[in-house]
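# Summary of the model geometry
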Amino acid sequence: MDILKNFKEKAASDLKTIVFAEGNDERIIRAAAEVETEKTAQIVILGQKEEIQSSAQTYGVDLTGVEIIDPQASEYIAEFRDEFYELRKHKGISKAEAEKAIKDPLYFGTMMVYTKKAHGMVAGAVNATANVLRPSFQIVKTKAGISTVSSALIMVLKDKSFGEDGVMVFSDCAVNPAPNSEQLAEIAITTADTAQSLLDFDPKVAMLSFSTMGSAKHENVDNVRNAVEIAQKNAPHLKIDGEMQLDAALVESVGKRKAPESEIAGEANVLIFPDLQSGNIGYKLVQRIAGADAVGPIIQGLAEPINDLSRGCSVSDIVNLTAITAVQAQNK
Ligand SMILES: CC(C)(COP(=O)(O)OP(=O)(O)OC[C@H]1O[C@@H](n2cnc3c(N)ncnc32)[C@H](O)[C@@H]1OP(=O)(O)O)[C@@H](O)C(=O)NCCC(=O)NCCS
Ligand SMILES: CC(=O)OP(=O)(O)O
């Protein structure tokens, strides 16, 4: 799979430090050792040192070169508590609550990134997405010019006739449960930027619906139609079109029939789902039934690279997302 090889080569060319917050998971320990062997990042694992070392021995994995930090006993606790307190005191948090919060590995890892002790974090093999994202929203916050953080999945398909030689980008499949038109427009523009900056795509963005160019009437369709209008107005240089059904977005003959005026119908390489129900189900259908590799979710719009895994991830999913996190850190 060439694109993943490319990410790894790029990551290896300028090593970044990436935190794995979930040292209590076998896949994370195995992935840390693999990243260390492949030399695509410098890994810090969070957790209890003796426990992680003993697990590594049980799995027959060598963690030489991997740093282990215990958030419960780290020299950074006082610094992180004070920084986090300053960031959240307007929400009525006390210093004791701040200390309790930052001893949680997800908060501790996010504080490491915020204070530049690491370049990025990967988590979510054990924790649900909301728990991975909340600390990043509270601590590192959004990039300048972005108000809605979202996610992108790089889908590497078996059928090379779709997207760019079988590679497509799907969004938002992990963050925003029910985006309004403004948010959906921002998600489309941010995802086009991710497709451009990470994959060198000329993005052709289809905004998906159960309707194509007014063929059905419903408030959910209106939400997508309005989003298309906003996205086209805010980013006139991008090829963004819709609303359209999936077949019109992907199949040339159907695109010609249903959306003859569209520049991207039938050849979309970026798919924007109307909400999280369809996005999360959609990517998992393609991953599990069509046998695609789903790389991500890559979180887009945060000020620092912090990425989420699916709890169903494999060791190689973690290794791949780590390389992408390192490349995001290089591109900052
Ligand atoms: C991500 C998520 C936890 C945020 O939920 P929320 O209820 O808005 O969270 P909170 O109210 O605790 O908000 C935390 C902060 O993040 C901010 N925030 C929430 N969503 C945001 C977004 N998409 N972009 C930027 N900031 C966001 C809030 O404004 C808030 O800021 P503040 O605390 O400084 O005021 C929620 O959208 C969620 O659960 N999404 C679904 C995740 C999921 O289950 N995915 C499926 C599997 S991948
Ligand atoms: C991205 C995603 O769906 O994550 P999880 O499977 O952990 O809920």
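As the structure is a prediction and not an experimental result, all values here were calculated from the model. (Residues numbered from 1 in each chain as written. Chains lettered and ligands numbered in written order. Predicted model: local features only at pLDDT ≥ 70, side-chain atom pairs only at ≥ 80, totals over all residues. Heavy atoms only, no water.)

## Structural notes on the pattern of salt bridges
Going by this rule: We define a salt bridge as a contact between a side-chain nitrogen of Lys or Arg and a carboxyl oxygen of Asp or Glu at a distance within 4 Å. Relative accessible area decides the class of each residue, using a 1.4 Å probe on protein chains only: under 20% of the type maximum gives buried, over 50% gives exposed, and in between gives partly exposed. In this text, helices come from DSSP runs of H or I with a minimum length of four residues, and strands from runs of E with a minimum of two, each type numbered from the N-terminal end.
Under the criterion given, the structure shown has 19 salt bridges. For the salt bridge of Glu36 with Lys39, the shortest nitrogen-to-oxygen distance reads 3.5 Å. Exposure remark for Glu36: the relative accessible area of 15% places this residue in the buried category. With a closest N to O distance of 3.0 Å, Glu304 and Lys332 form a salt bridge. In this pair, Glu304 sits in the loop between strand E10 (293-300) and strand E11 (306-308) while Lys332 sits in the segment after helix H13 (315-331), placing the two residues 28 residues apart along the sequence. Look at Glu304 and you get buried, because its relative accessible area is 12%. Linked through salt bridges whose partners overlap, the residues forming this network are Arg81, Asp82, Lys95, Glu99 and Lys103.

## Remarks on the packing of helix H8 (residues 181-199) against helix H9 (residues 219-234)
Heads up, the condition is: A fitted line through C-alpha atoms serves as each axis, taken over the contacting stretch for helices, and the angle formed by two N-to-C directions is quoted from 0 to 180°. Oblique is the label for every angle not falling under 35 degrees (roughly parallel), over 145 degrees (roughly antiparallel), or within 65 to 115 degrees (roughly perpendicular). In this scheme the handedness of a crossing depends on how the near helix is turned from the far one: anticlockwise by less than a right angle means left-handed, clockwise means right-handed. Here, residues are in contact when the closest pair of their heavy atoms is within 4.5 Å. Gly is put with the polar residues, along with every residue not named as nonpolar or charged; the nonpolar set is Ala, Val, Leu, Ile, Met, Phe, Trp, Tyr, Cys and Pro, and the charged set is Asp, Glu, Lys and Arg.
In the contact formed by H8 and H9, the axes pass within 8 Å of each other and the chain directions differ by 50°. Between H8 and H9, the angle is such that the two are oblique. Crossing hand, H8 versus H9: right-handed. Note on element contacts: H9 touches H8 through Asp222, Asn223, Val224, Asn226, Ala227, Ile230, Ala231 and Asn234, opposite Ser181, Glu182, Leu184, Ala185 and Ile189. When its residues are assigned to classes, the contact of H8 with H9 shows seven nonpolar, four polar and two charged.

## A short note on the packing of aromatic side chains
Put simply, the rule reads: In this analysis, rings of Phe, Tyr and Trp, with Trp reduced to its six-membered ring, are considered paired at centre separations within 6.5 Å, and the interplanar angle assigns stacked below 30 degrees, edge-to-face beyond 60, and tilted for intermediate values.
Tallied over the entire structure, the rule returns five aromatic pairs. Relative to Phe80, the ring of Tyr76 has its centre 5.4 Å away and its plane inclined at 25°; by these criteria the two rings are stacked. Comparing Tyr76 with Phe80, the two get one shared label, buried. Plain terms: the ring middles of Phe170 and Phe273 are 5.5 Å apart, the flat faces sit at 65° to each other, and that makes the pair edge-to-face. With Phe170 in strand E6 (residues 167-171) and Phe273 in the loop between strand E9 (270-272) and helix H12 (276-288), this residue pair connects regions lying 103 residues apart in the sequence. Looking at Phe170, the relative accessible area reads 4%, which means it is buried.

## Side note on helix H5 (residues 95-102)
The criterion, for reference: Here the arc refers to the directions that run from the helix axis out to each C-beta atom.
Taken residue by residue, H5 has Ala98, Ala101 and Ile102 as its buried positions. Considered in projection along H5, the buried side chains sweep an arc of 85° and stay on one side of the axis. Opposite the packed face of H5, turned more than 90 degrees from it, sit the exposed residues Ala96 and Lys100. Those residues of H5 that are buried are in contact with helix H4 (77-88) and helix H6 (105-114).

## Some details on the site of ligand 2
Operational definition: Think of it this way: one heavy atom of a residue within 4 Å of a molecule or strand is enough to make that residue near it. Two N or O atoms count as a polar contact when they lie within 3.5 Å, although within protein this holds only if one can serve as hydrogen donor and the other as acceptor, and sequence-adjacent residues are included solely when both atoms are side-chain atoms. Where accessible areas are quoted, they stem from the Shrake-Rupley method and a 1.4 Å probe; at the residue level, only the protein chains shown are allowed to cover.
Around ligand 2, the structure places Thr129, Asn280, Tyr283, Lys284, Pro297, Ser310 and Arg311. Contact between ligand 2 and Arg311: an oxygen atom at 2.7 Å from a side-chain N or O atom of the residue. For ligand 2, whose free accessible area comes to 270 Å², the fraction covered by protein is 88%. The dominant element in the shell around ligand 2, judged by the number of residues it contributes, is H12, at three residues. Split into classes, the residues belonging to the shell around ligand 2 amount to two nonpolar, three polar and two charged.

## Overview of the UniProt feature "domain: Phosphate acetyl/butaryl transferase" (unreviewed entry) in the protein
The following threshold applies: UniProt positions are given in the numbering used here, feature names are shortened, and annotations may be inferred rather than shown by experiment.
According to UniProt, the positions carrying the feature "domain: Phosphate acetyl/butaryl transferase" (unreviewed entry) are residues 3-326. Annotation note: span residues 3-326, helix share 46%, strand share 16%, distance between end C-alpha atoms 15 Å.

## So, the site of ligand 1
In the vicinity of ligand 1 there are 17 residues, among which Lys91, Val149, Ala174, Val175 and Asn176 approach most closely. Arg88 is positioned such that a nitrogen or oxygen atom in its side chain is 2.9 Å from an oxygen atom of ligand 1. Between an oxygen atom of ligand 1 and a side-chain N or O atom of Arg134, the distance comes to 3.1 Å. Of all the secondary-structure elements, those providing two or more residues to the shell around ligand 1 are helix H7 (129-139) and H12. By residue number, the principal contributor to the shell around ligand 1 is H7, which donates five residues. In the shell around ligand 1, the residues fall into eight nonpolar, six polar and three charged.

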